[in-house]
Structure formats: C-alpha cells, structure tokens
Amino acid sequence: MNALHNLDLFAQATLSIVLEAVPFLLLGSVASGLVEAYVPRDRLTRLLPKGRLASTLVGLGIGALTPCCECGVVFLARRLIGKGVPPGAAVAFMLAAPVINPVSLLATLVAFRGDPTMAIWRCVLVIAAGLVVGYWAGGRDALSLLRDPAAAPACGCGHDHGPEDHAHHHGPATIPGTPFGSLADAVPLAAVVPSRRDKVASAMRHAMADFLDMAKVLILGSMVAAAFKAYVPVSVVMALENDLVLAIPGMMALAVVLSLCSQADAFVAASFSTFPAAAKLAFLALGPMLDLKLLLMWRQVFTPRLTRVLAIVPAAIVFITCAVYGILTGGAS
C-alpha cells in the first residue's frame, strides 16, 4: 500500500512540475525563435557595449525587465550568444532574470506575506552571482563557451546557408557523445529571411526545435525531483531544521533536487516555517541558478568549463553569504 502511495505521489509531483514549467518553457522557446528570425546580428553587436563590466550590467538590466523562468532562459541565452551578444551579458541575464523580474519579485512578496526581506536578499545574491560569472564569461571568446560552435543556433559567420552549406563552412552539425539529440541541430539557421511570412515560419521552426529539445530534459529533471519528494522520508528533511550548519547546505541541496520554477519556489520555501531564515534564503537564491534540469540543459548547450563555473560559483556565493547572514541573525526563522 505504501509503495502504491509513493508511486501515486511520484506521478502527481512529476506532472505538477512539468505543467508548472511548460508555459515558461514555451515562452522562452518562442522568444528564442523570434530572436533568431528577427534580430539582426549586426544590430545587436552595434548597440550593446563591448566592455566586460558594462555588458554584464546590461544583461542584468535586461533580466530585470524580462518575465521569464529558468526553464526557458537557457536556450534564449544560447541564441543571444550566437547572435553576437557579449557572453557576459547573456550569462548574467541567464542567471539573474528568473529572480529579478517583476513576476518573481511579486510571487516572493506574496509568499512571505508582504515582507520584502527575502525578496531583497534573494535579488542581491543572484545579482552578485550574475556579475561574477558574467564578468568571467565576458573575458572569453563567445563561441568557445558553446558546446559545439558548428551546431550553435546562430553561427554568426555572415552567410545565409542551409544544412549542406553550413556543414561545408563549419563541419557536420552533430554533437558526438551528447546523451540527448538536438532537433535544433537539424534546423537551417538562416541569417536573412526574405519575406515576413518566411520570418514567421522560421521563428516558429526554431521555437519548436528549442521546445522539443529542452522539453525532454525538463521531463527527466522533473522525474528525478518527484522521486526525491516521493521516496525520501520527511523526517530526513525535518531533521535539518534545528542545525544552521546543516540547514543551509541541506536546503541548497533540496533546491537543486526539487528543480522548482523560480516563480513558484517562494511558496515552497515559505512552507518551511520552522527553518532558519538563512536556510530559506539559500533555497530561494540557489534554486533558480542551479538545479537538476538546468545542469542537463547546460550540458547540452555549454562547454564543460562553463558548466562547472555555472555550478560552483553561484553555490559558493550563496553558501558563504547565507552562512554569514545566519550567524548575524542568530539563526532566526
């Protein structure tokens, strides 16, 4: 009976996470397709600043205005890099946008009954991580950060070519060793589309490719998160609440495994009412920047070096800051 109950909980949790994330995944994929079809590379490279710090700050500013979730922002960042956006801006945008946008801020305020403390500190932490990682990425060659430059969403070579010509210029559009095949790799990535109708069709093709590419990763990550919720005893989680040293890394690990949407995770964090505030802050800050589905997406999109930086640096910033915050507040809940 207990096994059937756990299986039912697993199925419900998987479906809940997927349904929660799919609208944002669709929004991100459509935005990605529109960027690919309508935004000229030369205009982006001309308008955005070239300096590492300036471009990173611009990326954060764009993120503050973009109501998106981490479920859809990864491949949008990939498109932007392929279009010539400075990598520092794209990476900073990717890390910070899911938290500092108005929708997530409002959700956090509502979850904590109007108390702005968590919302403010959450923004501070993700902005700090976005600045550090974005500044680091800004000093690297853009295409060297992508897993396979030949299969990048926009090659940026200036040629309008289909798959055969793309292979001639850049080599075959495949990713050896990738555990998940990418439909986007088979889509012609035209830099110039001759008519409005063709532009719309191109945007939708790219949106469909990105959506299908990342949807399977989302489902896999949701299943892992659901398995954790269904099969890990509640007593194991609750045993952490009385120890600040264990509570912070414990809640960070929980955020990574649960893989919640950044526009809904505040309500989950608020439900841990007996946990120290520093632990809840760690959960809120790290989850949108690092979770299982993001790790799988990064592995498809970015080089191992950038993936390691994206995983390690935000986690270190969140842990150190929350530990200091917890000590200063005396572990108050």
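What comes next is a walk through the structure. (Residues numbered from 1 in each chain as written. Predicted model: local features only at pLDDT ≥ 70, side-chain atom pairs only at ≥ 80, totals over all residues. Heavy atoms only, no water.)

## Topic: the overall build of the chain
So, point 1. Per the secondary structure count, the chain includes 15 helices and zero strands.
So, point 2. Counting only contacts in the chain whose residues sit at least 6 apart along the sequence, the fraction spanning at least 24 positions is 83%.
So, point 3. Accessible surface computed for the chain: about 14,400 Å², of which carbon and sulfur atoms make up 70%. (Helix = DSSP H or I, 4+ residues; strand = E, 2+ residues; numbered from the N terminus. Contact = heavy atoms within 4.5 Å. Areas by Shrake-Rupley, 256 points an atom, 1.4 Å probe, with all protein chains shown as cover.)

## Here's the deal with the pattern of salt bridges
So, point 1. Using the criterion set out here, one finds two salt bridges in the structure.
So, point 2. Between Arg-122 and Asp-265 there is a salt bridge, with the nearest N and O atoms lying 2.7 Å from each other. Of this pair, Arg-122 sits in helix H7 (residues 117-138) while Asp-265 sits in helix H12 (residues 265-271), and the two are 143 residues apart along the sequence.
So, point 3. Overall, Asp-265 belongs to the buried group, its relative accessible area being 2%. (Salt bridge = Lys/Arg side-chain N within 4 Å of Asp/Glu carboxyl O. Buried < 20%, exposed > 50% of the residue type's maximum accessible area, 1.4 Å probe, protein only.)

## Structural notes on the packing of aromatic side chains
So, point 1. In the structure shown here, the tally under the stated rule is one aromatic pair.
So, point 2. The positively charged end of Arg-52 is found above the aromatic ring belonging to Tyr-135, 4.0 Å away from the centroid. (Phe/Tyr/Trp six-rings, centres within 6.5 Å; stacked < 30°, edge-to-face > 60°. Lys NZ or Arg CZ within 6 Å of the ring centre and 35° of its normal.)

## Topic: the environment of Arg-113
So, point 1. Mapping Arg-113 onto the fold places it in the loop between helix H6 (102-111) and H7.
So, point 2. Sequence separation between Arg-113 and Ala-270 is 157 residues, and the spatial gap between their C-alpha atoms is 9.4 Å.

## Quick look at empty space enclosed by the protein
Over the atoms a probe the size of a water molecule is rolled, and this reveals where empty space is left.
So, point 1. Within the structure shown, the criterion is met by two cavities of 30 Å³ or more.
So, point 2. By volume, the second largest cavity amounts to about 30 Å³.
So, point 3. What lines the second largest cavity is Glu-70, Val-73, Val-74, Met-94, Leu-95, Pro-288, Met-289, Leu-294 and Trp-298.
So, point 4. Counting only elements with at least two residues in the lining of the second largest cavity, the list comes to helix H4 (70-82), helix H5 (87-100) and helix H14 (292-301).
So, point 5. Looking at the lining of the second largest cavity, the element that brings in the most residues is H4, giving three residues. (1 Å grid on protein atoms, 1.4 Å probe; cavity = no way out; pocket = protein on both sides within 12 Å on 5 of 7 lines; lining within 4 Å. Points joined across faces, edges and corners; volume = space filled by probe spheres on them.)

## Some points on the nonpolar core
So, point 1. Counting residues in hydrophobic clusters, the biggest one holds 72 residues, and the most contacted among them are Val-74, Met-94, Phe-283, Trp-298, Phe-302, Leu-310 and Val-318.
So, point 2. If you list the elements that add at least two residues to this core, you get H4, H5, H7, helix H11 (244-258), H12, helix H13 (277-286), H14 and helix H15 (304-329).
So, point 3. The biggest single contributor to this core is H5, with eleven residues.
So, point 4. Those residues in contact with Phe-302, other than ones at most four positions away along the chain, are Val-74, Ile-81, Met-94, Leu-145, Leu-146, Arg-147, Thr-307 and Leu-310. (Core = buried A, V, L, I, M, F, W, Y, C linked by side-chain atoms within 4.5 Å.)

## What about the packing of H11 against H13?
So, point 1. Two elements in contact, H11 and H13, have axes separated by 8 Å at closest approach and are oriented at 25 degrees. Between H11 and H13, the angle falls in the class roughly parallel. The element H11 and its partner H13 pack so that their crossing is right-handed. Contacts between H11 and H13 pair Leu-244, Ala-247, Ile-248, Met-251, Met-252, Leu-254, Ala-255, Val-256 and Leu-258 from the former with Ala-278, Ala-279, Lys-280, Ala-282, Phe-283 and Leu-286 from the latter.
So, point 2. Considering only residue class, the contact of H11 with H13 consists of 14 nonpolar, no polar and one charged. (Axes fitted to C-alpha atoms, helices over the stretch in contact; angles between N-to-C directions. Parallel < 35°, antiparallel > 145°, perpendicular 65-115°, else oblique. Left-handed = near helix turned anticlockwise from the far one by under 90°. Nonpolar A, V, L, I, M, F, W, Y, C, P; charged D, E, K, R; others polar.)

## Topic: the packing of H13 against H15
So, point 1. In contact at an axis separation of 9 Å, H13 and H15 are set at 160 degrees when each is read in the N-to-C sense. As judged from the angle between their axes, H13 and H15 are roughly antiparallel. Along this stretch, H13 crosses H15, giving a crossing that reads as right-handed. Taken together, the residues of H15 that come into contact with H13 (itself represented by Ala-277, Ala-278, Leu-281, Ala-282, Ala-285 and Leu-286) are Pro-314, Ala-315, Val-318, Cys-322, Tyr-325 and Gly-326.
So, point 2. Class assignment for the residues of the contact of H13 with H15 results in eleven nonpolar, one polar and no charged.

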